[in-house]
Amino acid sequence: MNPEILVRLQNLCRDEAAFETLKQILAEEVQQLQQQINQANFQLEQQKALFRVITRLREPLDLETIFQATATEVRQLLEADRVGMFRFYPNSGWDDGEFVSEDVDPAFPSAMAQKIHDHCFGEQFAVHYQQGRIQAVADIYNYGLSDCHIQILSQFQVRANLAVPLLQGEKLWGLLCIQQCRTQREWQATEIEFVSQIATHLGVALQHAELLADLRAEVVERLQAQQAVQSLNQGLQRAIIELQAVNKELEAFCYSVSHDLRAPLRGIDGFSQALLEDYFDLLDTTGQDYLRRIRGATHRMGQLIDDLLNLSRVTRSDMHLETVNLSLLARGICTELQQSQPERQVEFVIQTGLIAQGDSRLLRVLLVNLLNNAWKFTSKHLQARISFGASQSESGKSVYFVRDDGAGFDMAYTNKLFSPFQRLHGMNEFPGNGIGLATVQRIVHRHGGRVWAEGAVEQGATFYFTLVAEEEGHEREQQNYSPSGR
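Residues numbered from 1 in each chain as written. Predicted model: local features only at pLDDT ≥ 70, side-chain atom pairs only at ≥ 80, totals over all residues. Heavy atoms only, no water.

**Quick notes on the sheet that holds strand S5 (residues 160–168)**
Logical step 1: Strand order in the open sheet formed by 6 strands is S3-S2-S1-S6-S5-S4, with antiparallel pairing between adjacent strands. Sheet topology places strand S3 (116–117) and strand S4 (135–137) at the edges, where each strand pairs with a single neighbour.
Logical step 2: Summarising the sheet, strand S2 (residues 96–104) and S3 pair through 2 bridges and their orientation is antiparallel. When the bridges of S3 are listed, Gly-97 appears paired with Ile-116.
Logical step 3: Sitting on the sheet, helix H3 (residues 63–78) is in contact with strand S1 (82–88), S2 and strand S6 (171–180), with an inclination near 60° to S2. (Pairing = 2+ DSSP bridges. Helix = DSSP H or I, 4+ residues; strand = E, 2+ residues; numbered from the N terminus. Contact = heavy atoms within 4.5 Å. Axes fitted to C-alpha atoms, helices over the stretch in contact; angles between N-to-C directions.)

Take a look at the structure:
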């Protein structure tokens, strides 16, 4: 107390004993006031430190910078020997981790980059820290800590330890550790409250960092996707240019086939016919047979050229999508077939109301080929049945089918069905060049669908097709799909 004030008080108080009592009372009062002032100053510094932490959270700073600045401020404010942020390794069960940031008195060893293992923490204590538990240890040797915990702390010369959980959302990310190494320390309630507030704001920083990492990953993923799309577009443009060049070459080839090859064929056929007409009597039976075979071969060659050109047109022609009544198309084709051979006993079963989106011209070609095949391969049966219909697959797509009870085929050779010029029956059994099913497949593919078949020798065949792209998960379903159950 000010000496002048004491002199004035002594002059007023003649009783020496009373003066000493008054002096003691005043000293105690002054001491309490000084403690209050010190406490207020400490709280003010706490609020300043919290304000600086919150300010840093609003700045575009990385987590390491925020941690380091916070550790330095907290250590200076609390006059601690070490302040550090400990992070648990992901998927370690909270038994393993390391300090990722630290401010420490130079007189004591750094705890940075040292792997720490506590085999009992994850199983016994992690859940409590995740719920907000705080450990305030005044003296690690007189607190009832386990031997392994004491060993871990003592290797860094820790005597008193204050550990507060760092939560990333609801997940225990790590611990904020304030440590005294020189001596034991009783942690005050205000200190514990301050450190808890710091940990709460650091938890916000952890959440921000996680969101930022997710955002950056999403940005990178989108950039990669954009680059992939650009690369795909460039590849697609190159493919379009190459396809245009191939189409031009194909058109030139088709023109050559249509004109350059037909001319010599017409010559061979014409001169062969002339020989048969003008020199028939001069040729023996063998010569006459040879000429007939030559003419037959030229006719087959002409038919092959026509089939190849038709197949090429299917591939190159423009698509015009519209609503198509498949039932009506099929009924018209079947009527034409019946009129071509009225003597045959064939029952046609056409499901009504089958409507699809597609190119009507190409879809007619598709049905002509499938129904003609069914007509052809039932020709050796006195009575036959040909059906056209559709059912729904599990994915809700329409699966169309053409079914007959004719010659059928061996499923072992089903991979050859849709290849050009591949035939499963000899020419002497059933005529044809093996182009029809290849044409069917190309038309189906141009519509985004698939075509497949099943059959058995002398038990008929069923050809299935779709006209829209199926999801990847339903491809196996189509391969095994069979409305007939065969």
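**Thoughts on the pairing of strand S10 (residues 383–392)**
Logical step 1: In the sheet, strand S8 (residues 345–350) pairs with S10 via 6 bridges, with the strands oriented parallel. Counterpart to Phe-348 in the pairing with S10 is Ile-386.
Logical step 2: Pairing between S10 and strand S11 (residues 398–404): 7 bridges, direction antiparallel. Looking at S11, one finds that Ile-386 is bridged to Asp-404.
Logical step 3: The antiparallel hairpin formed by S10 and S11 contains 5 residues in its connecting segment, where Gly-396 sits at a positive phi of about 85°.

**A few points about the packing of helix H9 (residues 326–340) against helix H10 (residues 360–377)**
Logical step 1: Two elements in contact, H9 and H10, have axes separated by 10 Å at closest approach and are oriented at 45°. On the basis of their axis angle, the class for H9 and H10 is oblique. The handedness of the crossing between H9 and H10 comes out as right-handed. Note on element contacts: H10 touches H9 through Ser-360, Leu-363, Arg-364, Leu-367, Val-368, Leu-371, Asn-372 and Trp-375, opposite Leu-326, Leu-329, Ala-330, Ile-333, Cys-334, Glu-336, Leu-337, Gln-338 and Ser-340.
Logical step 2: Residues belonging to the contact of H9 with H10 are distributed by class as follows: 11 nonpolar, 4 polar and 2 charged. (Parallel < 35°, antiparallel > 145°, perpendicular 65-115°, else oblique. Left-handed = near helix turned anticlockwise from the far one by under 90°. Nonpolar A, V, L, I, M, F, W, Y, C, P; charged D, E, K, R; others polar.)

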